[in-house]
Amino acid sequence: MSDKQTPKVNVDGGQLVFKAITAGLKPDPCEPMSEWADEHRLLNQTYAAEPGKWRTNRTPYLREIMDAFSPSSRCEFVTIMKGAQLGFTEALTNMLGYIIHRTPAPVMMIQPTQNLAKRYSKQRLATMIKDMPVLKGLVADPRARDSNNTTLSKAFDGGVLFIAGANSAADLRSVPVRFLLMDEIDSYPYDLEGEGSPIELAINRTKTFARRKVLMGSTPTVKDVSAVEREFLKGDQRKYHVACPHCDTMQELVWSNIKWDKDENKVHRPETAFYACSHCAGVINESDKLAMLQQGAWVATKPDNNYRDTRRSYHISSLYSPWESWENLVIKWLDAQRDPHLLKTFINTTLGQVWDDEANSVSQEDLQKKAEAYPLRTVPLGGLLVTAGVDTQDNRLEVVLWAYGKDGQQWAIDYHVFFGDPSSPKLWDELDEYLQKELQHESGEGIKISATAIDTGGHHTQRVYDFCRTRRYRHIIAIKGSSTRNKPVISKPSSVDVTFIMAGGYRYSQRGYLWQV
Ligand SMILES: [Zn+2]
């Protein structure tokens, strides 16, 4: 049944919260959340990599994070900056189950958009409630006509759960909550309908509760604009240390210590991937991983940031994932060497680290050492000209530079994101400066961008036209992205020497002046 057909239930959030607070004044339980999850949580086969009983022992690094969010811990702010495939979403769902079952109170879970919030509610949350006998009796039946159980708000004995989208100010300003869980905060809008950051708006909702809990998690995005990086730096910056099976030295697993062989033809062999201990250089195999995780411990690198244990922050990469082998990560890494998009994705979602645009390549020294193929912002020897493609989004401009050689050869040579409001001139000034910068050619010469195509598809068409009109002499043109690849949309190209096909489906001629806009 779609939302439209569901009988409209008029949920009065304030009233629900009031009822919850007066009815649910139970003392807080001392049972840590991880113990509760091991005893009660069931994972559904539709969504879980390993259905059946939850076992914290499979992802031992989540134990302390879940327990920090338990009322028995005094910790108030918990931030997790993380890679993918670590079981984090299930841990969040555990938190909701625990609150409903053990410590009922008003609680809010925020997803980047209202659609994602609905999806989360219908899939993960509804499935957990349906599958777990201890929860089923506590939450109103969604099929009952007068039920206080809708997709985005669920009343339960002594509490109410709101599932909100970070793109909806109405969702966020509605009610006070004691528990606040924010997922994927780097995908939230910077400014919500002129009312500021949705993260701040939501945190304001918790201020009336003396024993509040605020959790923020995300894979990070770009250095200095990443919300999860900012929150991580405010906290005590914990890293998960595991012991080397050879020398017992506790250490954080880092990408530069993943090693693999090449064969006699210098072809990479990801299947030989192993971890080299940072102390004794001993070979640590994939098969050692789980036992190491189980003996691991979080270590705060900035303990001074955690006054009275109120602000903990955690960083963890996919190197620790029980579901992602080191071999697989090496394959991803090798793929990423030829495409800045993939490299950024690797840094963000595998290493759980911010992408450093300023360095024009990779934030870590050890990554730079490993970078083969060709460095970013350098045009390979066969490259004859460089073009830029600009994508206009609501909160950023994304630029990809391509180099072209003979016979349609092409290389992606840079990827850069300008965060900010595309309706403000400042952002366009930054883009202009970037487009005028000379690039390095492998021959040692400098090379300039020959032409730039800016997509007018977003909400800032007039800005794009204004920008292009005065820069035509630099072959900066406005184009309209087409759903059909390689199809010119605005007009036929005139006086074409060579037409190169650009990524994204745009055509470009070496002579330029292609489209009259
Ligand atoms: Zn060792």
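As a reminder, the structure under discussion sits directly above these lines.
Conventions we followed
Residues numbered from 1 in each chain as written. Predicted model: local features only at pLDDT ≥ 70, side-chain atom pairs only at ≥ 80, totals over all residues. Heavy atoms only, no water. Helix = DSSP H or I, 4+ residues; strand = E, 2+ residues; numbered from the N terminus. Buried < 20%, exposed > 50% of the residue type's maximum accessible area, 1.4 Å probe, protein only. Core = buried A, V, L, I, M, F, W, Y, C linked by side-chain atoms within 4.5 Å. Contact = heavy atoms within 4.5 Å. Axes fitted to C-alpha atoms, helices over the stretch in contact; angles between N-to-C directions. Parallel < 35°, antiparallel > 145°, perpendicular 65-115°, else oblique. Left-handed = near helix turned anticlockwise from the far one by under 90°. Nonpolar A, V, L, I, M, F, W, Y, C, P; charged D, E, K, R; others polar. Donors = N, O, S within 2.8 Å, 3.2 Å for Na, K, Ca; no water. Polar contact = N/O pair within 3.5 Å; in protein donor to acceptor, adjacent residues only side chain to side chain. Arc of directions from axis to C-beta. 1 Å grid on protein atoms, 1.4 Å probe; cavity = no way out; pocket = protein on both sides within 12 Å on 5 of 7 lines; lining within 4 Å. Points joined across faces, edges and corners; volume = space filled by probe spheres on them. Pairing = 2+ DSSP bridges.

(A) Representation of the side chain of Gln237. Topologically, Gln237 is positioned in the loop between α9 (227-234) and β9 (238-243). Residue classification places Gln237 among the buried residues on the basis of a relative accessible area of 10%.

(B) Looking closely at the nonpolar core. Counting residues in hydrophobic clusters, the biggest one holds 71 residues, and the most contacted among them are Trp255, Leu319 and Tyr320. Among the elements that take part in this core, helix α4 (residues 88-102) stands out by supplying eight residues, more than any other. If we skip the residues at most four places from it in the chain, Tyr320 touches Tyr61, Leu86, Tyr240, Val242, Glu252, Leu253, Lys289 and Leu293. The next biggest cluster of nonpolar side chains, apart from the first, holds 26 residues, and it includes Phe162, Val177, Ile185 and Leu192.

(C) Fine view of the packing of α4 against helix α5 (residues 114-131). α5 packs onto α4 with a crossing angle of 60 degrees between their chain directions and a minimal axis gap of 10 Å. Overall, the two elements α4 and α5 adopt an arrangement that is oblique. Taken as a pair, α4 and α5 cross one another with a handedness that is right-handed. Residues Thr89, Glu90, Leu92, Thr93, Leu96 and Gly97 of α4 form the contact with α5, whose own contacting residues are Tyr120, Arg124, Leu125 and Met128. When the residues that make up the contact of α4 with α5 are grouped by side-chain class, the tally is five nonpolar, three polar and two charged.

(D) How the structure looks around the coordination of the zinc ion. Taken together, the protein ligands of the zinc ion are Cys244 (SG), Cys247 (SG), Cys277 (SG) and Cys280 (SG), with distances of 2.3 to 2.4 Å. Each donor residue of the zinc ion lies on one chain, and together they are spaced C-x2-C-x29-C-x2-C. A residue pair is termed long-range when its members are at least 10 positions apart, and Cys244 in the loop between β9 and β10 (250-252) and Cys277 in the loop between β12 (268-276) and β13 (283-284) qualify at 33 residues. Like Cys277, Cys244 is buried.

(E) Geometry of the side chain of Ser226. Along the chain, the position of Ser226 falls in the loop between β8 (213-218) and α9. Ser226 sits in the buried class, given a relative accessible area of 2%. At 3.5 Å, the side chain of Ser226 forms a polar contact with the backbone nitrogen of Val228. Not counting chain neighbours up to four residues away, the residues in contact with Ser226 comprise Asp186, Pro220, Thr221 and Val354.

(F) Spotlight on helix α2 (residues 33-40). By the burial criterion, the buried members of α2 are Met33, Ser34, Trp36, Ala37 and His40. End-on, the buried residues of α2 take up no more than an arc of 160 degrees, which puts them together on one face. Structurally, α2 contributes buried residues whose contacts are with β1 (42-43), α3 (61-68), α4 and α6 (133-136).

(G) Highlighting the layout of surface pockets. By volume, the second largest pocket amounts to about 740 Å³. Along its surface, the second largest pocket is lined by 30 residues, and Tyr47, Gly87, Thr89, Glu90 and Arg124 are the ones closest to its centre. Of all the secondary structure elements, the ones that give two or more residues to the lining of the second largest pocket are β2 (52-53), α4 and α5. Residue composition of the lining of the second largest pocket, grouped by class: 13 nonpolar, seven polar and 10 charged.

(H) Expanded view of the pairing of strand β3 (residues 77-82). The buried count for β3 comes to six of six residues, which makes it a mostly enclosed element. Of the two faces of β3, the one lined by Phe77, Thr79 and Met81 and the one lined by Val78, Ile80 and Lys82 are each fully buried. One ladder, built from five bridges, connects β3 with β8; its direction is parallel. For Phe77, the partnering residue across the bridge sits in β8 and is Val214. Judged from the six bridges that link them, β3 and strand β15 (residues 311-316) form a sheet pairing that is parallel.

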